[in-house]
Structure formats: C-alpha cells, structure tokens
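One-letter residues, chain by chain:
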Amino acid sequence: MFQDITTLLLDPKVFKDTIDLFVERYKSKNISVVAGVEARGFIFGPPIALAIGAKFVPLRKPKKLPGKVFRQEYDLEYGSDCLEMHVGAVAPGERALVVDDLIATGGTLCAAMDLLERAGAEVLECACVIEIPALKGRERLNGKPTVDSAYESRKFMVKRLLIEYISSIFLLYLSMMRRSLVLC
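In what follows, the accompanying structure is described. Remember, predicted model here, so these are calculated numbers, not experimental data. (Residues numbered from 1 in each chain as written. Predicted model: local features only at pLDDT ≥ 70, side-chain atom pairs only at ≥ 80, totals over all residues. Heavy atoms only, no water.)

**Considerations on the overall build of the chain**
Link 1 in the chain: Along the backbone of the chain there are five helices and seven strands.
Link 2 in the chain: Reading the helices (α) and strands (β) of the chain from amino to carboxyl end gives α-α-β-α-β-β-β-β-α-β-β-α.
Link 3 in the chain: Put simply, the chain has 184 residues, and 39% of those count as buried.
Link 4 in the chain: Contacts spanning at least 24 positions in sequence make up 62% of the contacts within the chain whose residues lie at least 6 apart.
Link 5 in the chain: Of the accessible surface of the chain, which amounts to about 10800 Å², a share of 61% is contributed by carbon and sulfur atoms. (Helix = DSSP H or I, 4+ residues; strand = E, 2+ residues; numbered from the N terminus. Buried < 20%, exposed > 50% of the residue type's maximum accessible area, 1.4 Å probe, protein only. Contact = heavy atoms within 4.5 Å. Areas by Shrake-Rupley, 256 points an atom, 1.4 Å probe, with all protein chains shown as cover.)

Next up, the structure:
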C-alpha cells in the first residue's frame, strides 16, 4: 500500500493539528535547529521551526545549494542518494531536530543525522508524519528517538477524550451540587 501525506495537506485543520502536535512536543526542548529533509521535510520543518523559535536548515539533494557543503551519501532500497547541507549552517553544540514526511528504511534519516553530527550538532530526535513499520527503518537509527505524528496523534486524542470525559463528570457534579443547594 502506498502511503502519502497529500490528503493531510488538503485538510487545513488536520495539517495544522499535525504541526501543533510536533510543536507541543518540542517547544520546551531548547532546539535551535530544525533540519528538513528535501522535499517534504520542507513542508513540515519551517512551521515547526518558527513556532519553537529555531532556525530552519534545509538538507538538499546534490548540487542544489550554492557554496561549500557537507555531503552524505546513503543507500536506498532501490539504489543510493545523497544529502547536502551548507557548511556553517549549524554550529557545534546546537540541538537539532530532523523532520521528514516518513520513516521507511531509515537511510535518509541516518544520512541527515550524520550530516548534522559531523557539523557538531546534537540530534535529539527525528520527527516524521508517517512510519512504514514493515521496513524497520526505526531500527537503523541507532537508538535515536523517533516520533511519528500518527502515534502522537493517537496519544493526543486519548488525552483529549480523557480531559473531555473528566470535564463532563465535573460539570455533572457541579450541576448536582447546585441542585442540592437549591433544595436546601
């Protein structure tokens, strides 16, 4: 089955909720760099970066960035590819988040983390919208935490339902208390 983010992008509320889930997770983690993997990481990365007060660093396909670049080649399930990042875009010691649309085999995310770490950044997590568990990409990330918003979204919905449930019980309790005060 082919998995894609297009339907998510066509629904502004769902798109915003997806961004909000990531922002909520990362707003207090002192992240100074959000690195987006070309091309779909460019859709989700900039709004997350703006919301948490971090800079956005594009990780591009070969020969698309002017000037000096770090280059990281990696294997795909169907061949090989390469990511590049501007030299000087990330300073040693900066805390980074890698953003992409999905985790498949993990090759692209590993290359992204390697680029950032070669520049001296500390990669905290990889944030993706979709995961294809059958391809076991998460296992290639050497224990680096990875968050996919589908999972986070389920946790968020459960939390929201619990809050709504508790609120309705509290409102029912208040209503009963008012009735008992009126009866007295």
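**Some points on unusual backbone geometry**
Link 1 in the chain: At the junction of Glu38 and Ala39, the peptide bond is cis and its omega measures out at 0 degrees in the coordinates.
Link 2 in the chain: By the secondary structure assignment, Ala39 is in the loop between strand E1 (33–37) and helix H3 (41–52).
Link 3 in the chain: A positive phi is found at Lys63, a non-glycine position, where the angle reads about 65 degrees.
Link 4 in the chain: On the secondary structure map, Lys63 appears in the loop between strand E2 (55–59) and strand E3 (69–76).
Link 5 in the chain: Judged by relative accessible area, Lys63 falls into the exposed class, the value being 75%.

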